[in-house]
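Here's the letter readout for the chains.
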Amino acid sequence: MEKLIVDGSHCHNQLWFIIRASFVFFVVLLCLDYSVLSGVKNGGFPLVSQSLSGSQKTHKATQLAANDEISVPNPISNDAHRDFPFRENNYNVTLANVTDPCSGKYIYVHRLPTRFNNGVLKDCRNLIKWFNMCPSLMNSGFGPKVEKPQGVLSRKNWFETNQFMLELIFHQRIKQYKCLTNDSSMASAVYVPFYAGLDVGRYLWGYNTSMRDSAAYGVADWLRKQHEWNRMFGQDHFFVAGRIAWDFRRQTDNESEWGSKLMNLPEFMNITMLSIESSSWSNEFAIPYPTYFHPLRDINVVHWQKGTRTGKRRYLFCFAGAPRPTMKGSIRAEIINQCLSAPNRTCKFLDCKAEGNKCDTPVEVIKVFRDCKFCLQPPGDSYTRRSTFDSIISGCIPVFFHPYSAYAQYIWYFPKNYTKYSVYIPHNDIKNGNVSINRVLSRFSEHRISEMRKEVVKLIPKVIYANPKSRFERFEDAIDIALKKVTERVNKVGEVMKEGKDPSVEFAAGNQWKMKLDGIMGDQALETLF
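Remember, it's a predicted structure, so these values are computed and weren't measured experimentally.

A. Main features of the sheet that holds strand 6 (residues 189-191). Strand order in the open sheet made by the 5 strands is 5-6-7-8-9, with parallel pairing throughout. Edge strands, defined here as strands with exactly one partner in the open sheet, are strand 5 (107-109) and strand 9 (284-286). Averaged over neighbouring strand pairs, the angle between their axes works out to 30° when direction is ignored. For strand 6 and strand 7 (residues 237-244), the ladder comprises 2 bridges, and the chain directions are parallel. Among the inter-strand pairings, Val-190 is bridged to a residue of strand 7, identified as His-237. Strand contacts of helix 5 (residues 166-173): strand 6, strand 7 and strand 8 (272-277), with the helix running at about 145° to strand 7, the strand carrying the most contacts.

So, in structure tokens, the structure goes:
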């Protein structure tokens, strides 16, 4: 009996030991589950034991220029996607369900020799023949800060930005891109930080074609020697140009012909160009001109939007510009005449040719545009103009006279339904004197104008270049959108290649104006252009 009692006590003790051990083990598992789930909920990835994940790659910062480092997030290794079961609310969850947020978005930045980018800036006094560009390099390419907003601009976030500084602005901002990688094999797209516009701008007047093409040939030769080139022969590469595409499309070696032949080189026929104005080639995409507004945070954008949406506007329409008497077919003189002859308080004209030109002064330009309901945007030296984006950030509804001024250009940024945010008056109607701008714009009701202005104000975050000292949380700016669209484009090309098809057939096709306008303007409107 005693033996039985002892044995029963022994069994009883073993049972309690098992219960206690199980309880401790359960608590440990519960804590482990909580720490893993917390990591996932907070936007991170659960830690995986080395036996499952292997050693993840640690990437050094991509070096965009000498002593100019940027931090690069570690890409998720393939091993990190192995199944690793844990429990949440009695449902099995695996790491296979947790995706890499940068998948399909990684960008690799070429370590281009500095003579093709930062080296160009050393010649800042001669970047443009007509004036000293050195002050424009300040503040990451934004130029000097506006010191006296005069109650027109918000107190911060405004700069005297030159319209040709996009290359430097883009290069500085891409340092903040959250999906940079130092492993080019993981990249969807490859960025070539070549300051093509700033380079050629030095040689457009008084230099031979050899000087204008020198850097173009140099970059092409350098790219061919990189192993990243062999993957898709440049069709995953892109670069940014701060001048219009026409400046890079010289057809012959005739000294009198304008520009460089960069985009006609075989290598660059395979590269996507982002520029302030595109041509009819399908590997060119227009992105916004730099404006004066470079906010640090979302709240700065929200406050500015509120003011542009609700402010009182005394003038029906306005025009900031100068005539083009030597340009055949220009309608600017007619537009200026119609503005000046309009009834009192109908049109405001800011003369950019007058003595003491105010058109390069942010306060003066924005003051005029914020006082007008419609802003006229006729072609100037080319189809597009920076003034279009100055009017948008001012909440002024743009009026276009040619579809190449916007509708065939900024397809990543503007709604396809152009009537929501703009007015179109055919160029020929003005040229032939068939249309009164005042009469056309007077037909819009106040309600309709208010609705259109709301659409314009919604475009503001998309067409600005945010200050790289901070990062938007709520909005995407012009660079965010450009990078998203570029990676999507390259990924599509990759899919075509996987299917065994030749992606080059439509990659750099010319005469694509109709394609770029497809679904935007009706056939009847297009018939007047082609």
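Having seen the model, we can carry on.
B. Region of interest: a positive patch on the surface. There is a patch of like positive charges on the surface, built from Lys-145, Lys-156, Arg-297 and Lys-469. Inspection of the secondary structure puts Lys-145 in the loop between helix 4 (138-141) and helix 5. For Lys-145, a relative accessible area of 42% gives the class partly exposed.

C. The state of the cysteines, seen in detail. Summed over the entire model, instances satisfying the criterion amount to 5 disulfides. One disulfide bridge connects Cys-124 with Cys-134, the sulfur atoms lying 1.9 Å from each other. Between Cys-124 and Cys-134, the disulfide has an S-S torsion of 80° and is therefore right-handed. On the criterion of sequence distance, the pair formed by Cys-124 in the loop between helix 3 (118-121) and helix 4 and Cys-134 in the loop between helix 3 and helix 4 is long-range, its members being 10 residues apart. The disulfide bridge from Cys-375 ends at Cys-396, spanning 2.1 Å between sulfur atoms. Measuring handedness by torsion sign, the sulfur bridge of Cys-375 and Cys-396 sits at about 110° and is right-handed.

D. Representation of the layout of surface pockets in the model. In this model, the largest pocket occupies a volume close to 1600 Å³. Contributing to the lining of the largest pocket are 43 residues, with Gln-163, Phe-164, Arg-324, Asp-360 and Asp-381 lying nearest its centre. Those elements giving two or more residues to the lining of the largest pocket turn out to be strand 7, strand 10 (315-321), helix 11 (362-369) and helix 12 (387-393). Split by residue class, the lining of the largest pocket holds 21 nonpolar, 11 polar and 11 charged. Split by domain, the lining of the largest pocket shows at least three residues from each of two domains, domain 1 (107-290 + 474-528) and domain 2 (312-462). Put simply, the second largest pocket is a space of about 710 Å³. Along its surface, the second largest pocket is lined by 28 residues, and Phe-285, Ile-411, Trp-412, Arg-489 and Met-515 are the ones closest to its centre. Secondary structure elements with two or more residues in the lining of the second largest pocket: strand 9, helix 16 (478-498), helix 17 (504-507) and helix 18 (513-516). Per-element tally for the lining of the second largest pocket: the top contributor is helix 16, with 6 residues.

Definitions and limits used
- Residues numbered from 1 in each chain as written.
- Predicted model: local features only at pLDDT ≥ 70, side-chain atom pairs only at ≥ 80, totals over all residues.
- Heavy atoms only, no water.
- Pairing = 2+ DSSP bridges.
- Helix = DSSP H or I, 4+ residues; strand = E, 2+ residues; numbered from the N terminus.
- Axes fitted to C-alpha atoms, helices over the stretch in contact; angles between N-to-C directions.
- Contact = heavy atoms within 4.5 Å.
- Patch = residues over 30% accessible without salt bridge, like charges linked within 9 Å, V, L, I, M, F, W, Y side chains within 5 Å.
- Areas by Shrake-Rupley, 256 points an atom, 1.4 Å probe, with all protein chains shown as cover.
- Salt bridge = Lys/Arg side-chain N within 4 Å of Asp/Glu carboxyl O.
- Lys, Arg positive; Asp, Glu negative; His and termini not counted.
- Charge placed at Lys NZ, Arg CZ, Asp CG, Glu CD.
- Buried < 20%, exposed > 50% of the residue type's maximum accessible area, 1.4 Å probe, protein only.
- Disulfide = S-S within 2.5 Å.
- 1 Å grid on protein atoms, 1.4 Å probe; cavity = no way out; pocket = protein on both sides within 12 Å on 5 of 7 lines; lining within 4 Å.
- Points joined across faces, edges and corners; volume = space filled by probe spheres on them.
- Nonpolar A, V, L, I, M, F, W, Y, C, P; charged D, E, K, R; others polar.
- Domains from an automatic or database assignment.

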